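Reading the structure
This is what each chain is made of:
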Amino acid sequence: MKKDANNNNLRNIAIIAHVDHGKTTLVDALFKQSGLFRENQETEDRLMDNMDLERERGITIAAKNCSVDWKGTKINILDTPGHADFGGEVERALSMVDGAILLVDSSEGPLPQTRFVLGKALEAGLKLIVVINKIDRPDARCEEVLNEVYDLLIDLDADEDQLEFPLYYAIGRDGVAGKSLDEPMENLHCLLDAIVEEVPGPSYCEGEPFQMMVSDLSYSDYLGRLCVGKVINGSVKAREGLVCLGDQGKQTSLNVTKIQVYRGPGLVETDEVEPGEIVVLAGIDDVYIGDTICHKSDPKALPRLTVDEPTVSMRFTPNSSPFQGQEGKLVQSSKIRERLERETMLNVSIKFEEATNGDGFIVKGRGEFQMVILIETMRREGFELCVGRPEVIFHKEDGKVMEPIEHLYVDCEEEYTGIVTEKLSQRKGRMLAFVNHENGRARLEFSVPSRALIGYRDEFLTDTRGTGILNSLISGYEEYRGDFAERHTGSLVADRIGEAVPYALFNLEPRGNLFVTPADRVYEGMIVGEHNRDNDLNVNPCKAKKLSNVRASGKDDAVVLTPVVPMTLERAIQFIREDEMVEVTPENIRLRKRTLAAAGRKMEGKKAKA
C-alpha cells in the first residue's frame with residue numbers, strides 16, 4: 001500500500017546501541033533539556049529503567065516508550081534493549097518508528113549487539129542519525145570508531161541514503177552534543193533539531209480507515225489489559241466500534257474504554273488520535289502482539305509482526321525437592337503454566353510447550369540470559385520451580401542436523417589470548433580475526449556453536465582474571481560440528497538430609513570447591529560442591545565431630561573454612577550438566593540431581609552403559 005501523506009506534527013524514533021553505551025542516560029538528558037521537568041525539579045537517574053532488575057543490573061531489558069515536545073513537534077522516543085537476547089523487544093519497538101539514533105561508544109566502537117540492532121533498523125528502512133558517545137573517555141578513538149561504523153554499514157548492505165547519515169559527538173552523562181569535536185558543546189539542542197529535520201514524519205494513506213498494529217501489551221490494576229501500538233492509517237475516538245483481526249483473520253469485537261498517549265515517561269488521556277501516533281488502548285482483553293485493530297465497518301488486516309525464531313530451550317518443572325513449598329507461595333504446575341502463558345502474551349520472542357514426557361514445560365527463547373531474567377522475575381513473584389540446563393534448538397535440512405552458530409568477539413589482555421584460543425578450539429570454535437591493539441589488549445573473533453558458550457562465560461572470566469570482555473550474536477545455522485566435553489569436573493552430592501556442619505565441610509574442602517556454608521540445609525541428591533575429578537561423589541556434609549573424654553593437643557582448634565562464592569542464577573545454570581537441575585525459590589538457589597536418590601542414579605548409570 002503506497003503511503004501518500006506524512007504527519008509532520010510527529011516524529012517517532014528509537015535509540016539503538018550495544019549494552020552500556022549510554023542509551024538510557026541520553027534519554028534522561030533529552031527529558032531535562034526539552035522542558036519536560038520544571039527547573040530544579042528532582043528526578044531519578046535512568047528514569048526509563050523502571051524495573052528492579054534493570055536498576056540492579058544497569059541494563060535495559062524491556063523496550064519502553066516516552067515522548068518530548070521540541071519546538072512544536074512531538075517526538076516519541078523508544079528506549080530499546082542492547083542485548084541480543086532481548087532482540088524480540090528491539091524488533092517490536094522498531095515496528096513503531098520511522099528513524100533511529102545509533103549510539104556508539106567512542107572507545108569500544110560497534111560491538112555484536114550494535115550489529116544486530118543496526119541490521120534490524122536497516123531492514124526496516126529507517127533514517128539513521130549516528131551519535132558517537134562518551135567522547136570524554138581517556139581511551140576515546142573517535143576517528144577509528146567512525147570508520148568502523150562505515151565498515152559495519154557497508155557490511156550490512158546499507159544503501160547510499162543510509163550511508164549519508166548526520167553525525168554527532170556527545171557526552172550523554174553531561175547532556176551535551178555537537179557536530180564536531182572542535183566546537184564547544186553546551187546542550188543537546190542540535191540533536192533534537194536533527195531529529196525534527198532529518199527524521200520524516202510518520203506516513204499514512206489519506207482516506208483509509210483506522211488501522212493500528214499491536215506492538216506491545218501491558219497491564220494496569222485500574223484499567224485492565226493495555227494494548228500499545230502505532231496508528232498506521234486513519235484516526236480513532238474513545239468508545240468507537242472497533243474489531244481486532246487476529247491470526248488467520250479471526251475477528252473479535254472490542255470495547256475501548258480509554259485512549260492514552262505518551263507525555264514524558266507517563267501517559268495522558270486523549271479523545272482522538274491522529275495517524276502515526278503511538279497510542280495505548282485500555283479495556284481490551286482478547287488481543288495479542290501482531291494483531292491489527294481497525295474500524296468494525298471496514299476491517300483491513302496489516303502484515304503481522306514477526307520476529308526471529310528462538311535458539312535456546314530450557315525445561316521448567318515444579319519443585320520436587322524435600323523442601324518443596326517451604327519458601328515460595330506459588331508451587332503448583334498450573335500456576336507455572338499460567339505465568340508462562342502470560343509471558344508469551346507480553347514477549348513475542350518467548351514460546352513454551354508441554355514436555356513430551358509430561359514432566360514440566362519446555363520454554364524457548366533467544367538466549368540463556370533472557371531465560372535467567374524470566375526465572376529471576378518469577379522467583380521474585382513468589383514462584384518455586386526447578387529448571388534444567390539450557391539446550392540449543394537444532395534444525396534439520398536435507399537430512400543433516402543444523403545448529404545455531406555465533407559470531408564471538410573477545411577483548412582481553414594479550415597474555416591471555418593463548419588460553420582463550422585453546423579453550424574455544426576445544427569447543428569447536430574457529431578463529432576468524434586477530435587484532436593486536438597497541439595498548440596491550442587484543443581483539444579476537446571466532447565462529448563458535450551456541451552450545452559452546454553455555455557454561456563457558458565463567459570459565460572465560462577465570463582464565464582472563466576478570467579482565468576479558470565477551471560478546472556474541474547469532475550468525476546463522478551450520479551443520480553440526482561434533483561433540484566436545486562441556487565440563488571436566490564432577491559434582492559433590494549430599495547423601496542425606498540435614499544441616500551442613502563446619503567439621504564435615506572442612507574435611508570435604510580437599511575434594512573440590514564447596515557451594516554451601518555451615519548451617520545451610522541440605523538433602524539427598526543436592527549438589528554441595530564441584531568435585532576435582534570428572535566423576536560424581538556422594539558425601540556427607542552433616543557429619544559431626546566425634547566427641548570423647550580424652551583431650552589432646554590441637555583437638556579444640558577452630559575450624560577455618562575457605563569463603564564460599566555466593567551462588568547466582570547465571571552461575572548455577574552454566575554449571576549444571578544434563579542430569580542436574582537448579583532449584584529456584586524466593587530465598588535460595590540450590591543445585592540438585594534430577595534423580596535425588598543415590599540408588600536411583602546408580603541404576604540409571606547402569607542402564608546408560610548397557
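Residues numbered from 1 in each chain as written. Predicted model: local features only at pLDDT ≥ 70, side-chain atom pairs only at ≥ 80, totals over all residues. Heavy atoms only, no water.

So, about the overall build of the chain. Secondary structure assignment for the chain yields 15 helices and 37 strands. The burial tally for the chain puts 52% of its 610 residues in the buried class. Within the chain, contacts between residues separated by at least 24 positions form 72% of all contacts whose residues are at least 6 apart in sequence. When the accessible surface of the chain is totalled, it reaches about 28,400 Å², and 46% of it is carbon and sulfur. (Helix = DSSP H or I, 4+ residues; strand = E, 2+ residues; numbered from the N terminus. Buried < 20%, exposed > 50% of the residue type's maximum accessible area, 1.4 Å probe, protein only. Contact = heavy atoms within 4.5 Å. Areas by Shrake-Rupley, 256 points an atom, 1.4 Å probe, with all protein chains shown as cover.)

Inspection of every chain in the model, using the stated rule, returns 29 salt bridges. The shortest N-O distance in the salt bridge between Arg 339 and Glu 343 comes to 3.0 Å. Placement of the pair is Arg 339 and Glu 343 together in helix H8 (residues 333-346), with a separation of four residues, close to one helical turn. Just as Arg 339 is buried, Glu 343 falls in that class too. Each of Asp 536, Arg 577, Asp 579, Glu 580 and Lys 593 takes part in salt bridges that share partners, so that together they form one network. (Salt bridge = Lys/Arg side-chain N within 4 Å of Asp/Glu carboxyl O.)

This next bit is on the packing of aromatic side chains. Under the defined criterion, the tally for this structure stands at six aromatic pairs. Look at Phe 323 and Tyr 523: their rings are 5.1 Å apart centre to centre, the planes differ by 85°, and that puts the pair in the edge-to-face class. Taken together, the residues span a long stretch of sequence, with Phe 323 in the loop between strand S20 (312-318) and H8 and Tyr 523 in the loop between strand S33 (521-522) and strand S34 (526-531) at a distance of 200 residues. A single burial state applies to Phe 323 and to Tyr 523, both of which are buried. With a centroid separation of 5.2 Å and an interplanar angle of 90°, the aromatic rings of Phe 515 and Phe 575 are classed as edge-to-face. Note that Phe 515 is positioned in the loop between strand S32 (512-514) and S33 and Phe 575 in helix H14 (residues 569-575), a separation of 60 residues in sequence. Per residue, the accessibility class of Phe 515 equals that of Phe 575, and both read buried. One residue, Arg 521, lies across the ring of Phe 323, its end atom 4.0 Å from the ring centre. (Phe/Tyr/Trp six-rings, centres within 6.5 Å; stacked < 30°, edge-to-face > 60°. Lys NZ or Arg CZ within 6 Å of the ring centre and 35° of its normal.)

We now examine the environment of Asp 174. By secondary structure assignment, the location of Asp 174 is in the loop between strand S7 (167-171) and strand S8 (176-178). Asp 174 gets classed as partly exposed once you look at its relative accessible area, which sits at 48%. Along the backbone, Asp 174 and Leu 188 are 14 residues apart, and their C-alpha atoms lie at a distance of 9.6 Å.

The subject of this paragraph is the pairing of strand S36 (residues 580-584). Burial of S36 is extensive: five of the five residues sit out of reach of the surface. A two-sided burial pattern is seen for S36, the buried positions comprising Glu 580, Val 582 and Val 584 on one face and Met 581 and Glu 583 on the other. Relative to strand S37 (residues 589-593), S36 runs antiparallel, the two sharing five bridges. Residue pairing for S37: Glu 583 is matched across the bridge by Arg 590. (Pairing = 2+ DSSP bridges.)

Glancing now at the confidence of the model for the chain. When pLDDT is averaged along the chain, the result is 80; 88% of the residues meet or exceed 70. Considering only residues more than four positions removed or in separate chains, one finds that residues 37-51, a stretch of pLDDT under 50, has 40 contacts. (pLDDT = per-residue confidence, 0-100.)

So, on to the packing of helix H4 (residues 112-123) against helix H5 (residues 142-155). Put simply, H4 and H5 touch, their axes get as near as 10 Å, and they point 55° apart. Put simply, H4 runs oblique to H5. Between H4 and H5 lies a crossing whose hand is right-handed. Contacts between H4 and H5 involve Thr 114, Arg 115, Leu 118 and Leu 122 on the former and, on the latter, Leu 152, Leu 153 and Asp 155. (Axes fitted to C-alpha atoms, helices over the stretch in contact; angles between N-to-C directions. Parallel < 35°, antiparallel > 145°, perpendicular 65-115°, else oblique. Left-handed = near helix turned anticlockwise from the far one by under 90°.)

Let's shift gears to the nonpolar core. Core analysis: the biggest nonpolar cluster contains 41 residues, and Ile 16, Leu 94, Ile 132, Val 149, Leu 153 and Phe 165 have the highest contact counts within it. Take this core: its biggest share by element is six residues, from H5. Beyond its immediate sequence surroundings of up to four residues, Leu 94 is in contact with Ala 14, Ile 16, Val 117, Lys 120, Ala 121 and Leu 126. (Core = buried A, V, L, I, M, F, W, Y, C linked by side-chain atoms within 4.5 Å.)

Let's shift gears to the environment of Phe 323. Phe 323 sits in the buried class, given a relative accessible area of 5%. Put simply, Phe 323 and Val 522 are 199 residues apart on the chain and 9.2 Å apart in space, counted from C-alpha to C-alpha. Those residues in contact with Phe 323, other than ones at most four positions away along the chain, are Glu 384, Ile 497, Arg 521, Val 522, Tyr 523, Glu 583 and Arg 590.

Of all seven residues in strand S5 (residues 99-105), seven are buried, a share of seventy percent or more. The alternating pattern of S5 places Gly 99, Ile 101, Leu 103 and Asp 105 and Ala 100, Leu 102 and Val 104 on opposite faces, both of which are buried. Where strand S2 (residues 10-17) and S5 come together, five bridges link them in parallel fashion. Bridge pairing in S5 places Ile 13 opposite Gly 99. Sheet topology note: the S5/strand S6 (residues 127-133) ladder contains seven bridges and is parallel. Looking across to S6, one finds that Gly 99 is bridged to Lys 127.

Where helix H10 (residues 417-426) meets helix H12 (residues 456-463), the closest approach of the two axes is 10 Å, and the angle between their N-to-C directions is 155°. Between H10 and H12, the crossing angle belongs to the class labelled roughly antiparallel. Here H10 runs over H12; the crossing is right-handed. For the pair H10 and H12, contact is made by Ile 419, Val 420, Lys 423 and Leu 424 and by Tyr 456, Glu 459, Phe 460 and Asp 463, respectively. When grouped by side-chain class, the residues that make up the contact of H10 with H12 number five nonpolar, no polar and three charged. (Nonpolar A, V, L, I, M, F, W, Y, C, P; charged D, E, K, R; others polar.)

On the surface, a cluster of negative charge is made up of Asp 159, Glu 160, Asp 161 and Glu 164. Positionally, Glu 160 belongs in helix H6 (residues 160-163). (Patch = residues over 30% accessible without salt bridge, like charges linked within 9 Å, V, L, I, M, F, W, Y side chains within 5 Å. Lys, Arg positive; Asp, Glu negative; His and termini not counted. Charge placed at Lys NZ, Arg CZ, Asp CG, Glu CD.)

Right, let's talk about helix H1 (residues 23-33) for a bit. When you tally the buried positions in H1, you get eight out of eleven residues, the bulk of the element. For H1, every residue scored as buried is listed here: Lys 23, Thr 24, Leu 26, Val 27, Asp 28, Ala 29, Leu 30 and Phe 31.

With respect to the element layout, Arg 380 can be found in helix H9 (residues 368-380). Taking the C-alpha atoms as reference points, Arg 380 and Thr 585, separated by 205 residues in sequence, lie 8.5 Å from one another.

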